[in-house]
Amino acid sequence: NISFNRGGSTNKTLEGGQTTTVSFGETINNNGDFTLEISSDDDSESQTVTVLTPAYFDVRNLSAPNSVTEGNNFNVYADIVNTGQTSDTQNIDFNYGGSTNKSLSGNSSTNVSFNRTINSTGNFNLSISSDDDSQSRNITVESAIPDSCVARYKFEGNLTDSWGNYTAYDNT
């Protein structure tokens with residue numbers, strides 16, 4: 001009987017001088033050090049393996065102004081933290097245009113910034129995302145021309161076009 005300490009066994013009969021190969025599979029869902037051992041009635045072999053947490057790019061500390069004027073540049077910043085123990089490269093995307101590839105070792109971080117202009121007014125949801133995570137916030141884009149500068153007028157009078165047609169207007 002040949003057994004695996006993490007579950008499973010098989011029966012093999014061998015004559016003197018014969019060898020055989022047995023395989024056992026194991027999925028380990030936790031990180032850490034694990035001892036794997038295969039044993040028979042008269043022998044055993046063990047080995048310690050280290051299982052690492054896979055890379056995970058966490059998006060943190062998204063920063064952007066609360067409001068900007070339409071047509072003006074502004075910057076959006078975020079920290080990208082690999083909370084896993086293995087290295088990886090991921091594309092970091094900004095939803096209003098722009099992306100960059102970032103390579104991070106396990107348990108390391110970097111920052112990203114994107115410079116942008118929005119040419120219309122309103123409220124916009126900005127987000128920065130990795131393959132694993134995203135963070136977002138709202139920004140208000142205000143008019144480049146304040147309401148106090150918009151001319152208001154009242155027209156009363158008569159107009160004659162180039163063909164001599166006469167029109168009376170009262171815009172009250």
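We now turn to the structure provided with this report. Here the residue index of a chain counts from 1 through its sequence in written order. Totals for whole chains, interfaces and linings use every residue, but because this is a predicted model, local features are given only for residues with pLDDT of at least 70 and side-chain atom pairs only at 80 or more, for both listing and counting. Remark: hydrogens and water are excluded; side-chain values derive from all non-hydrogen atoms of the structure.

## Digging into the pattern of salt bridges
Between side chains of opposite charge, a pair can form when the charged atoms approach closely.
Here comes step 1: When a carboxyl oxygen of Asp or Glu is within 4 Å of a side-chain nitrogen of Lys or Arg, the pair counts as a salt bridge. Under the defined criterion, the tally for this structure stands at two salt bridges.
Here comes step 2: For the salt bridge of Arg-6 with Glu-26, the shortest nitrogen-to-oxygen distance reads 3.2 Å. Pair noted here: Arg-6 is in the loop between strand E1 (2–4) and strand E2 (9–10) and Glu-26 is in the loop between E2 and strand E3 (32–39), with a separation of 20 residues, a long-range link.
Here comes step 3: Remark: exposure states derive from per-residue accessible area (1.4 Å probe, protein chains only) relative to the maximum for the residue type, with buried under 20%, exposed over 50%, and partly exposed in between. The class of Arg-6 is partly exposed, set by a relative accessible area of 33%.
Here comes step 4: With its nearest N and O atoms 2.8 Å apart, the salt bridge here joins Asp-58 to Arg-60. In this description a helix means any DSSP run of H or I spanning at least four residues, a strand means any run of E spanning at least two, and both kinds are numbered starting from the N terminus.

## Notes on the sheet that holds strand E7 (residues 73–82)
Here comes step 1: The strand order E5-E7-E10 describes an open sheet built from three strands, whose pairing is antiparallel. Of all strands in the sheet, those bounded by a partner on one side alone are strand E5 (57–63) and strand E10 (108–117). This sheet shows a mean twist of 25 degrees between the axes of neighbouring strands, independent of strand direction.
Here comes step 2: Between any two strands, pairing holds if DSSP finds at least two bridges. Pairing analysis gives five bridges linking E5 to E7, with the strands arranged antiparallel. From the neighbouring strand, Val-59 faces E7, where its bridge partner is Ile-80. What counts as an axis is a line fitted to C-alpha atoms, over the stretch in contact for a helix, and the angles between N-to-C directions run from 0 to 180 degrees.

## Some thoughts on the environment of Phe-74
Here comes step 1: Looking at where Phe-74 falls in the secondary structure, it is placed in strand E7.
Here comes step 2: When its relative accessible area of 4% is taken as the criterion, Phe-74 is described as buried.
Here comes step 3: For the pair formed by Phe-74 and Ile-118, sequence separation is 44 residues and the distance between their alpha carbons is 8.9 Å.
Here comes step 4: The contact criterion used throughout is that any non-hydrogen atoms of two residues lie within 4.5 Å. The contact partners of Phe-74, leaving out residues within four places of it in the chain, are Pro-65, Val-68, Phe-114, Asn-115, Arg-116, Thr-117, Ile-118, Leu-126 and Ile-139.

## Concerning the sheet that holds strand E4 (residues 44–51)
Sheet strands pair by backbone hydrogen bonding; their relative direction is either parallel or antiparallel.
Here comes step 1: Ordered by their spatial adjacency, four strands build an open sheet running E2-E1-E3-E4, and the pairing between neighbours is antiparallel. Two strands in the sheet have a free side with no partner beyond their single neighbour: E2 and E4.
Here comes step 2: With two bridges connecting them, E1 and E2 associate as antiparallel partners. If you follow Ile-2 over to E2, its bridge partner there is Thr-10.

## Describing unusual backbone geometry
Excluding glycine, most residues fall at negative phi; most peptide bonds, likewise, are trans.
Here comes step 1: Within the chain, Asn-61 stands out as a residue other than glycine whose phi angle is a positive 55 degrees.
Here comes step 2: Position of Asn-61 among the secondary structure elements: in strand E5.
Here comes step 3: On the accessibility criterion, Asn-61 (54% relative accessible area) is exposed.
Here comes step 4: Its identity as a non-glycine residue notwithstanding, Asn-107 has a phi of 55 degrees, on the positive side.
Here comes step 5: Residue position: Asn-107 is located in the loop between strand E9 (99–104) and E10.

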